[in-house]
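# Results of the structural survey
Given next are the chains, with one letter for each unit.
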Amino acid sequence: MRVRRLFKPLAILVGCLLYAVPDWLTDEFGSVTVDQVLYHLRFGTEGLLTTDPELVRRALWRALALPLALALVLWGLDEWVNHLRAHPEKWPVPWLRAALASLRNGLRRVGRWGMRVFTHGAPRAIPLVVLGAGVAYFIDSFSLASYVRAYFGEDYFSGSYVDPRRVAIVKGKEPPKSLILIYVESLENTYADPALFGHDLLHRLTALKAKGRAISFENYHQMQGAHFTIAGIVGTQCGLPLKSVALFGGNAQGEQVDSFLPRARCLGDILAGEGYTNIFLNGSSLAFAGVGKFFHDHHYSKVMGREEWIRAGERPELMSGWGLHDDDLFRRARGELDALMKSRKPFNLTVLTIDTHHPYGHLSQLCERQGYSDFEGIVECTAGQVADFIEYVASRGWLDRVAIVVQGDHLAMGNTSYDKLITNPNRRVFNLLVGGDKHLTKNTEDVTHFDMLPTILDLIGFNVQGDRAGLGYSAIGPVTVARPADRIAKMTQQLGNYSAAYRALWESPPLPDGAPPAETPAAGVPPQPPARVLPAPVAVRPDVPHPQ
């Protein structure tokens, strides 16, 4: 009996939570997929608790406190209605008593079935309606039915993925350049539309597009599996989507992973094998979403985030809730770049900004002194800081030794300008490639995150056999491999489908017989570069052309 009495309040509470949680996530992050939620759950909550305290406050208020309060109100209403149903004489208004009596008489005329519904269904009406509505909203918000159907759909990945470990990547006639790779949080081309924002918020970067030795792809499509920060990074550096395999993935799913895509060969692995020094500078915590784990596991020898900057002397009271402001991040990046250039060794300096993060952005003191005050001002200010950094490289005469790639990590999510952004039916990820003394020729305008891996390698001076790596095609230079005409459409429809080949990339390679487990390198000790070619664990369909 006690369990039955608990059912009604629990059903109401669960229904309210199932509505409130996806509603808050949508307002905070825009459209959120099941893969995205499962991926973040897989890496635990440590990162969330070390990020913006305002984000945590909003989550507790919108996703916990409000639904709890609403559940109490609905439970009280349900108890009151059932009390009056049992004691009709206590109805506060005579016409309500008359309405109840008329309802009873009507149901008696309908018959025994109607009376049974009234007698047994009415006491459960509010809990069942609230629970049912919550479940329906939750399923619709996360497209759960589509997610389950994807498990049985055609495996696009295994038929299209070209394992970079089986691709010959060789140096050209000239020594390869170093690389500066800048991911700008949520930066998209729509911000350059004067009709929406009064003027081009990206005018400093737009001006760089018009200069020689720089190109930009007009149709940089965002695909599923590259639509949030770490997914966009993985997409560009590994040529593959970031998907959770937690729902259908076997015994280890739902727990924190030991290695991040251990069987995938990514940009850091390739460049480390060529003698490059890989460095990642990030404003926010490395714990969030497994960002630090990815870079550590893929041969970045120096990885900096919020906690590392504090230990390096940055003052936390001058940071945003997420971490280091973009102006301070670029100040640190200039210092890092100066040291790298003096070393005369090839390097890959990767930078990830944070100030334009949804929903409200983070206004630095520098941007405030420059007259900016709102989210759109933060976007314009950060774009100017990226342009300043590029001009700093050019002013030092380093463009003959360094190639630069600037791009949004993904399209903008639920920020305060989102209503303007979504009026653009052709939203595209911002991108800018600066080749320095190299004349760049695009072979297409339509690219995805996955195309950036072979494109970046070509940009800095490597020759990628077959012009393919991962799911990507090189977008500069002559076309040697034709792209399928329906490639973008098929990725949109099928990329989220289950793939055993994709899941295999998350499995740790087996140890040789008698070999001891690998020891974790001590802090500050870079991992050893990988071998140039390793056996491929991922099967590629024989009917698909594949470079050998």
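Residues numbered from 1 in each chain as written. Predicted model: local features only at pLDDT ≥ 70, side-chain atom pairs only at ≥ 80, totals over all residues. Heavy atoms only, no water.

## A closer look at the confidence of the model for the chain
The pLDDT averaged across the chain works out to 83; a share of 78% of its residues lies at or above 70. Segment residues 247-256 is flagged for pLDDT under 50; beyond a separation of four residues in sequence, or across chains, it makes 16 contacts in the model. In the model, residues 513-548 has pLDDT below 50 throughout and makes 50 contacts with residues more than four positions away in sequence or in other chains. (pLDDT = per-residue confidence, 0-100. Contact = heavy atoms within 4.5 Å.)

## Structural notes on the state of the cysteines
Per the stated rule, a full pass over the model turns up 2 disulfides. Here Cys-238 connects covalently by a disulfide to Cys-266, the sulfurs 2.0 Å from one another. Judged by the torsion about the S-S bond (100 degrees), the Cys-238/Cys-266 disulfide is right-handed. Of this pair, Cys-238 sits in helix H12 (residues 229-238) while Cys-266 sits in the loop between H12 and helix H13 (267-273), and the two are 28 residues apart along the sequence. Assigned by exposure class, Cys-238 and Cys-266 land together as buried. By sequence order of its bonded cysteines, the chain has the disulfide arrangement 1-2, 3-4. (Disulfide = S-S within 2.5 Å. Helix = DSSP H or I, 4+ residues; strand = E, 2+ residues; numbered from the N terminus. Buried < 20%, exposed > 50% of the residue type's maximum accessible area, 1.4 Å probe, protein only.)

## What about helix H18 (residues 375-395)?
Across its 21 residues, H18 extends 30 Å between first and last C-alpha, which sits within 8% of the 30 Å expected from 1.5 Å per residue. Judged by how many residues are buried, H18 sits mostly within the fold: 17 of 21 residues are covered. After H18 finishes, the residue Gly-397 shows a positive phi value of roughly 75 degrees. (Expected span 1.5 Å × (residues − 1).)

## Considering the pairing of strand S8 (residues 402-408)
The buried count for S8 comes to 7 of 7 residues, which makes it a mostly enclosed element. Here S8 shows a buried face lined by Val-402, Ile-404, Val-406 and Gly-408 and a second buried face lined by Ala-403, Val-405 and Gln-407. Summarising the sheet, strand S2 (residues 178-184) and S8 pair through 7 bridges and their orientation is parallel. Following the sheet pairing, Leu-179 is matched in S8 by Ala-403. (Pairing = 2+ DSSP bridges.)

## Comments concerning empty space enclosed by the protein
Taken as a whole and assessed by the stated rule, the structure comprises 2 cavities of 30 Å³ or more. In this structure, the second largest cavity encloses a volume near 40 Å³. Lining the second largest cavity are Asn-443, Asp-467, Tyr-473, Ser-474, Pro-478, Val-479, Thr-480, Val-481 and Arg-483. The residue inventory of the lining of the second largest cavity, partitioned by class, reads 4 nonpolar, 3 polar and 2 charged. (1 Å grid on protein atoms, 1.4 Å probe; cavity = no way out; pocket = protein on both sides within 12 Å on 5 of 7 lines; lining within 4 Å. Points joined across faces, edges and corners; volume = space filled by probe spheres on them. Nonpolar A, V, L, I, M, F, W, Y, C, P; charged D, E, K, R; others polar.)

## Remarks on the pattern of salt bridges
Counted according to the given criterion, the structure contains 16 salt bridges. Asp-23 is the partner of Arg-62 in a salt bridge, and the nearest nitrogen-oxygen pair spans 3.0 Å. With Arg-62 in helix H4 (residues 53-86) and Asp-23 in helix H1 (residues 2-29), this pair connects stretches of sequence that are 39 residues apart. By relative accessible area, Arg-62 is classed as partly exposed at 25%. Close ionic contact of Glu-314 with Arg-331 constitutes a salt bridge, the shortest N to O distance being 3.0 Å. Here the residue Glu-314 occupies a position in the loop between helix H15 (306-311) and helix H16 (326-343), and Arg-331 occupies one in helix H16, the gap between them amounting to 17 residues. Residue classification places Glu-314 among the buried positions, given a relative accessible area of 11%. What you see here is one network of salt bridges that share partners, running through Glu-314, Asp-328, Arg-331 and Arg-332. (Salt bridge = Lys/Arg side-chain N within 4 Å of Asp/Glu carboxyl O.)

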